[in-house]
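Overview (structure and organization)
Letter by letter, the chains look like this.
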Amino acid sequence: MTKQNRDLETRVQAERPVAQWAPPETLPQPNEREGWSHRYVRTSTLGVSDPMNISAKRREGFEPVKAEDYPEL
């Protein structure tokens, strides 16, 4: 049995299709209200509460809204 030189062997690599980046839009957006800017604020990560993040956002001026005010969500 004769061996071929490895330089003569070629390996065809499968090319993956290039995926286009798209911004994540998994969270629903509330209907726009004049004078309001809506943002989601993290309250927990992996089931662990994050009160420091909530406190920091409240100090920055964010105010929580009631779910009843946004029936579209």
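The structure under discussion appears in the preceding block.
Our subject in this report is the structure included herewith.

What counts and how
- Residues numbered from 1 in each chain as written.
- Predicted model: local features only at pLDDT ≥ 70, side-chain atom pairs only at ≥ 80, totals over all residues.
- Heavy atoms only, no water.
- Helix = DSSP H or I, 4+ residues; strand = E, 2+ residues; numbered from the N terminus.
- Polar contact = N/O pair within 3.5 Å; in protein donor to acceptor, adjacent residues only side chain to side chain.
- Contact = heavy atoms within 4.5 Å.
- Salt bridge = Lys/Arg side-chain N within 4 Å of Asp/Glu carboxyl O.
- Buried < 20%, exposed > 50% of the residue type's maximum accessible area, 1.4 Å probe, protein only.
- 1 Å grid on protein atoms, 1.4 Å probe; cavity = no way out; pocket = protein on both sides within 12 Å on 5 of 7 lines; lining within 4 Å.
- Points joined across faces, edges and corners; volume = space filled by probe spheres on them.
- Nonpolar A, V, L, I, M, F, W, Y, C, P; charged D, E, K, R; others polar.
- Phe/Tyr/Trp six-rings, centres within 6.5 Å; stacked < 30°, edge-to-face > 60°.
- Lys NZ or Arg CZ within 6 Å of the ring centre and 35° of its normal.
- Patch = residues over 30% accessible without salt bridge, like charges linked within 9 Å, V, L, I, M, F, W, Y side chains within 5 Å.
- Areas by Shrake-Rupley, 256 points an atom, 1.4 Å probe, with all protein chains shown as cover.

**Thoughts on the side chain of His 38**
Mapped onto the elements, His 38 comes out in the segment before strand E1 (44-45). At 2.6 Å, the side chain of His 38 and the side chain of Tyr 70 are in polar contact. His 38 has contacts with Pro 30, Asn 31, Arg 33 and Tyr 70, leaving out every residue within four places of it along the chain.

**With respect to the pattern of salt bridges**
Here the structure, examined in full by the defined rule, presents 2 salt bridges. Asp 50 is paired through a salt bridge with Arg 42; the nearest N and O atoms lie 2.6 Å apart. A residue is classified by how much of its surface remains accessible, and Asp 50, at 17% relative accessible area, is buried. Note that Glu 60 and Lys 57 form a salt bridge whose closest N and O atoms lie 3.7 Å from each other. Accessibility expressed as a relative area gives 26% for Lys 57, which makes it partly exposed.

**As for the layout of surface pockets**
Approximately 680 Å³ is the volume attributed to the largest pocket. Its residues assigned to classes, the lining of the largest pocket shows 11 nonpolar, 5 polar and 5 charged.

**Focus: the packing of aromatic side chains**
In this structure the tally under the stated criterion is 0 aromatic pairs. Here Arg 33 stacks its cationic end above the ring of Tyr 70, 4.1 Å away from the centre of that ring.

**A closer look at unusual backbone geometry**
Phi is positive for Leu 46, close to 55°, though the residue is something other than glycine. Along the polypeptide, Leu 46 turns up in the loop between E1 and strand E2 (48-49).

**Description of a nonpolar patch on the surface**
Among the surface-exposed residues, Leu 27, Tyr 40 and Leu 73 lie close enough to one another that they form a single nonpolar patch of about 320 Å² accessible area. In this fold, Leu 73 is placed in the segment after helix H1 (51-59).

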